[in-house]
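The chain contents come next:
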Amino acid sequence: VTLIPWRNLREIFGVLRRREMLGLLVGLGLPRRRHPGPAVRRVDDAAGGTGHARRQDGLAHPADRDPARAETAVPVSWPSPSTVPSSEPAELQRATQALADALGAAIRVAPEQWYNFKPLWPDTEAEAADLERRAHAMQAGRPDPGPGHPASDASAAVAERVEAAS
Amino acid sequence: VTTRGRILLAASWIACRLPERSLFRLAGLAGDWWYRAKPGRAAQARRNLQRVCTALAASGRGSSAVRAAATDPVALERLVRSAFRHAARYYVEVARNPAVTREWLDERLTLDDPSVLAEAVIPGNASVFVGLHFGSVELASLFMAFRVGETVVPMETLDDPGSRPTSSRRAVAPVSGSSGCAKRGAN
């Protein structure tokens, strides 16, 4: 494994141009960085500059640690590969949710074996509602407006229609 | 290398040469001590686990220990204490990374469906792997090194320059002796 500084985009693109393997590690645990769709977006941005965009069609899902075998073995499973057909906001949000669901399935086997020492959920109802609003905006096909930016009335109406249809 | 870095390297060297099972027992004791010494940290873990266990119990999922923790404070506290033990064990596993071999990994890592990996890794084709930093980063790194092959990983740099050789060694050591992979601009 070769490490490169994470802000070195030139080197990241260079890896892709050379058709080498690239691993990206995405941390989502910090409250101020909560985002409804960063994990897949970073991949898509990196691939987009090299002609490999929209090819990442096998989202590897996280390792699952079985408490009964925790002393000796770590079984790994992939529930089912997720396809990301485009970099449209709705697709990014859907893929991110799929990753979150897969991660949740892995964690529920033994939640005490995972890192539990950070605030992982919104501190307030308002923050939770803001995250939900941003996810709805992406599902409606609009780019993530970012934290604390109220959606326009028209955008909210679209989001409500999407929610009602889902 | 700073003094702190040297201490970390020395601790890793020792950990690689002691029996794994004994080290895990020590890690359990250290976790118990950690749990008692950091009540604020324990409170955060308690809040997180309470939320998870309540949600799982409400939907009829989770192990019996998890479902019990949803309503029983004693059972919840057992999970909180266990979280500290596992966190301590994680640091032991990190320290022992340089001693990990392909055989060690094969013995402990079972792929549910290897064909998914074979489909993703095609010689000559570039692939992008995304991992979420929730669990052990090192296990994913070892998996990539031994089961996938040469891989480039962008990483955040450490604030303490003296510790950089330690962290770089963790990630690079498993393959550095086998395929001559260069450490390029690391940390």
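What counts as what
Residues numbered from 1 in each chain as written. Chains lettered and ligands numbered in written order. Predicted model: local features only at pLDDT ≥ 70, side-chain atom pairs only at ≥ 80, totals over all residues. Heavy atoms only, no water. Salt bridge = Lys/Arg side-chain N within 4 Å of Asp/Glu carboxyl O. Helix = DSSP H or I, 4+ residues; strand = E, 2+ residues; numbered from the N terminus. Buried < 20%, exposed > 50% of the residue type's maximum accessible area, 1.4 Å probe, protein only. Axes fitted to C-alpha atoms, helices over the stretch in contact; angles between N-to-C directions. Parallel < 35°, antiparallel > 145°, perpendicular 65-115°, else oblique. Contact = heavy atoms within 4.5 Å. Nonpolar A, V, L, I, M, F, W, Y, C, P; charged D, E, K, R; others polar. Polar contact = N/O pair within 3.5 Å; in protein donor to acceptor, adjacent residues only side chain to side chain. Core = buried A, V, L, I, M, F, W, Y, C linked by side-chain atoms within 4.5 Å. Expected span 1.5 Å × (residues − 1). Patch = residues over 30% accessible without salt bridge, like charges linked within 9 Å, V, L, I, M, F, W, Y side chains within 5 Å. Areas by Shrake-Rupley, 256 points an atom, 1.4 Å probe, with all protein chains shown as cover.

Describing the pattern of salt bridges
Residue and element names in this part refer to chain B. The tally for this structure, following the rule as stated, stands at eleven salt bridges over all chains. Between R96 and E20 there is a salt bridge, and its shortest N-O distance comes to 3.9 Å. Of the two residues, R96 is situated in the loop between α5 (73–95) and α6 (102–108) and E20 in helix α2 (residues 20–37); the sequence distance between them amounts to 76 residues. Residue R96 is classed as buried on the basis of its relative accessible area of 13%. A relative accessible area of 16% places E20 in the buried class.

Notes on the packing of helix α3 (residues 89–107) of chain A against helix α4 (residues 125–139) of chain A
Residue and element names in this part refer to chain A. Remark: α3 packs on α4, axes separated minimally by 6 Å, with the N-to-C direction vectors making an angle of 125 degrees. Here α3 lies oblique to α4, going by the angle between them. Contact residues: P89, A90, L92 and Q93 in α3; A135, M138 and Q139 in α4. A class-by-class count of the residues in the contact of α3 with α4 yields five nonpolar, two polar and no charged.

Considering the environment of E20 of chain B
Residues and elements named next belong to chain B. Sequence separation of E20 and R96 is 76 residues, and the distance between their C-alpha atoms is 8.6 Å. In this structure E20 touches R96, W104 and R108, once residues within four positions along its chain are discounted. Within the structure, E20 has its side chain in polar contact with the side chain of W104 (distance 3.3 Å).

Brief notes about the nonpolar core
F117 of chain A together with L49, C53, A69, L79, V80 and F84 of chain B are the most contacted members of the largest nonpolar core, which has 26 residues in total. Among the elements of the structure, α2, α3 (39–58), α4 (64–69) and α5 of chain B are those that each provide at least two residues to this core. The dominant element in this core, judged by the number of residues it contributes, is α5 of chain B, at ten residues. By size, the runner-up hydrophobic cluster in this structure holds 14 residues, among which are M21 of chain A together with L105, L111 and F129 of chain B.

What about α2 of chain B?
Residue and element names in this part refer to chain B. The terminal C-alpha atoms of α2, which comprises 18 residues, lie 25 Å apart, in line with the 26 Å expected from a rise of 1.5 Å per residue. Listed in full, the buried residues belonging to α2 are E20, L23, F24, A27, G28, G31, D32, W34 and Y35. The inward-facing, buried residues of α2 contact α1 (3–15), α3, α5 and α6.

Thoughts on a nonpolar patch on the surface
Residues and elements named next belong to chain B. Taken together, W13, I14 and L18 make up a surface patch of nonpolar side chains, about 310 Å² in accessible area. Checked against the element boundaries, I14 lands in helix α1. The partly exposed category is assigned to I14, whose relative accessible area is 43%.

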